Amino acid sequence: MERRSLHIALCAVFLLIACSLQLPAAGQNPEFDLVIRNGHVIDPKNGVNAVMDVAVSGAKIARVAAGIDPALAKRVADATGLYVVPGLIDIHAHVFYGTDKDSYLSNGDSAVPPDNHSFRSGQTTLVDVGGAGWRDFPRFKEQVIDRARTRVLSFLNIVGSGMKGGPIEQNLADMDARLTAMRIRQHPGVIVGIKVAHYNGPEWDPITRAVAAGRETNVPVMVDFGGHTPPLSLEDLLLKHLRPGDILTHTYAQVAGRIPIVDEKGQVRPYVLEARKRGIIFDAGHGGGSFLFSQAVPAMKLGFTPDVISTDLHTGSMNTGMKDILNTMSKFLNMGMPLHDVIKANSSKAAEVIKRSDLGHLSAGAEADIAVLNLRRGKFGFIDTAGGKLAGDQKLECELTVKGGQVVWDLNGMSRPLWTENRKP
Ligand SMILES: [Zn+2]
């Protein structure tokens, strides 16, 4: 081959490789580290619900717009046919894992390591609710929060020793509003609420003390209600004890000792509707025993959708009907909740509930936490905590997760070049 045509051939090969990798032209300084192109962006906080490109620079969202020039990016991911949404927030999980014996969800082996579950489901923020109390929060922080790549936040248990199960959670003497508030003030933005759960005595004290600490520190209280002997009134909880912004979790549960929200005639109880009007937050909180289609289907038909959709992730829920956040969100899709609202429940609304307005949206300048989701169509089945199945035809799957600008999950390599063109070993 003559020198000139060899040169042309080499140029052509180089051009081909450069195009297929979608690299910026030689000498051009890429403006963005990553551009996710042509995806359907759902960013409820900013009112975006259209095909757009999302550009990331460093750890931040740089721009969301149509037609961003891919030549301006170091790396391009083509999200055609997929949904691009804010990194999902799960406001009810149990990630204070550890090896203490008989410690349940507080440094025990019923809790799970956050990174093992979060990114593969599009989650960038997990909120541990009640694993730690004011006594063992420093250990939780050192052992889990500071080491995880997932953003881990906490609702402090009103019990100082946390959610260790058994008599420890029944000890009224270890429920101290003042010390709980002190610990919250030490970690603003990381401890974002207070949890009440599992107390089975006849007193309201765990609730009133949690609310007192919440009032002092301006954080919400989440209540896992039920199991009291004699039973306490759900109506009083929702209308008298809790403040607007406080949260009832396990909304669609029907368990011994808690009045279900849907009555025997299939109607949502009037005081539950009134509670929603006064600003009580209803969280799905699926878990291993707290989500029944016999409650959720009639409630959804009547328009009683959850404000937030959470997993109640732990070893007792992850391999049963709950599975993960996307399976849980898919249940609500198949019960008729629009995709936009399902995404909102796990992004901007979840962020609002935990008062972290910096999270849950794709505004320019915000932390680049992004999930790219595939809404699969087909024949699927979803199981509730009583073992009953709901047939469905849509299911969410996570293709790509970006946390602080870094790709932390890439199911099918959408952000990667072909191995034949990969210049990095
Ligand atoms: Zn829980």
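The present account deals with the structure reproduced in this document. Just so it is clear, the model here is predicted, and its values are computed rather than measured. (Residues numbered from 1 in each chain as written. Predicted model: local features only at pLDDT ≥ 70, side-chain atom pairs only at ≥ 80, totals over all residues. Heavy atoms only, no water.)

Here we look at helix α2 (residues 137-145)
An α-helix turns once every 3.6 residues. As a result, residues three or four positions apart point the same way. Stated precisely, the cut-off is as follows: Summary of the burial criterion: residues with accessible area below 20% of their type's maximum are buried, those above 50% are exposed, and those between are partly exposed, where the area comes from a 1.4 Å probe applied to protein chains only. Under the scheme used here, helices are H or I runs from DSSP no shorter than 4 residues and strands are E runs no shorter than 2 residues, and both carry numbers assigned from the N terminus. Taking the helix axis as origin, the arc is that swept by the directions to the C-beta atoms. Every residue pair with non-hydrogen atoms within 4.5 Å of one another is taken to be in contact.
Along α2, the residues that are buried comprise Phe 137, Phe 140, Gln 143, Val 144 and Ile 145. In an axial view of α2, the angular spread of the buried residues amounts to 150°, which keeps them on one side of the axis. At its buried positions, α2 is contacted by β7 (123-133), β8 (151-157), α3 (177-186) and β9 (191-197).

Some details on the pattern of salt bridges
Let me state the cut-off plainly: Counted as salt bridges are all cases of a side-chain nitrogen of Lys or Arg within 4 Å of a carboxyl oxygen of Asp or Glu.
In this structure the tally under the stated criterion is 18 salt bridges. For the salt bridge of Arg 139 with Asp 100, the shortest nitrogen-to-oxygen distance reads 3.9 Å. Taken together, the residues Arg 139 in helix α2 and Asp 100 in the loop between β6 (88-93) and β7 connect sequence positions 39 residues apart. When its relative accessible area of 43% is taken as the criterion, Arg 139 is described as partly exposed. A relative accessible area of 30% means that Asp 100 is categorised as partly exposed. The shortest N-O distance in the salt bridge between Asp 236 and Lys 240 comes to 3.3 Å. Of this pair, Asp 236 and Lys 240 both sit in helix α5 (residues 234-241), four residues apart, which is roughly one turn of that helix. The class of Asp 236 is partly exposed, set by a relative accessible area of 24%. Residue class for Lys 240 comes out exposed when judged on its relative accessible area of 63%.

A few points about the sheet that holds β8
Where we set the bar: Any two strands with at least two DSSP bridges between them are considered paired. Angular values range over 0 to 180 degrees, each being the angle between N-to-C directions of two axes fitted as lines to C-alpha atoms, with helices fitted over their stretch in contact.
A sheet is described by the order of its strands in space; here seven strands give the open sequence β6-β7-β8-β9-β10-β11-β12, paired in parallel fashion. Either end of the sheet is taken by a strand with one partner, and the two such strands are β6 and β12 (281-282). Pairing between strand β10 (residues 221-224) and strand β11 (residues 247-248): two bridges, direction parallel. Across the sheet, the residue bridging to Val 223 is Leu 248, located in β11. Along the sheet, α2 contacts β7, β8 and β9; its crossing angle with β8, the most-contacted strand, is approximately 160°.

Some details on the packing of α3 against helix α4 (residues 205-217)
For clarity, the threshold we go by: Left-handed describes a crossing whose near helix is turned anticlockwise from the far helix by less than a right angle; the clockwise case is right-handed. For this scheme, ten residues count as nonpolar: Ala, Val, Leu, Ile, Met, Phe, Trp, Tyr, Cys and Pro. Four count as charged, namely Asp, Glu, Lys and Arg, and the remainder, Gly too, count as polar.
The contact between α3 and α4 brings their axes to 9 Å, and the two run at 35°. Crossing of α3 against α4: the hand is right-handed. Facing α3, whose interface residues are Ala 177, Thr 180, Ala 181, Ile 184 and Arg 185, α4 presents Arg 209, Ala 212, Ala 213, Glu 216 and Thr 217. The residue makeup of the contact of α3 with α4, split by class, is five nonpolar, two polar and three charged.

Things to note about the coordination of the zinc ion
How we decide: Each metal site lists N, O and S donors within 2.8 Å (3.2 Å for Na, K and Ca). With water left out of the atoms, a site can look as if it is missing ligands.
Protein coordination of the zinc ion is provided by His 92 (NE2), His 94 (NE2) and Asp 312 (OD), with donor distances spanning 2.1 to 2.3 Å. Each donor residue of the zinc ion lies on one chain, and together they are spaced H-x1-H-x217-D. Across this residue pair, the class does not change: His 92 and His 94 are buried.

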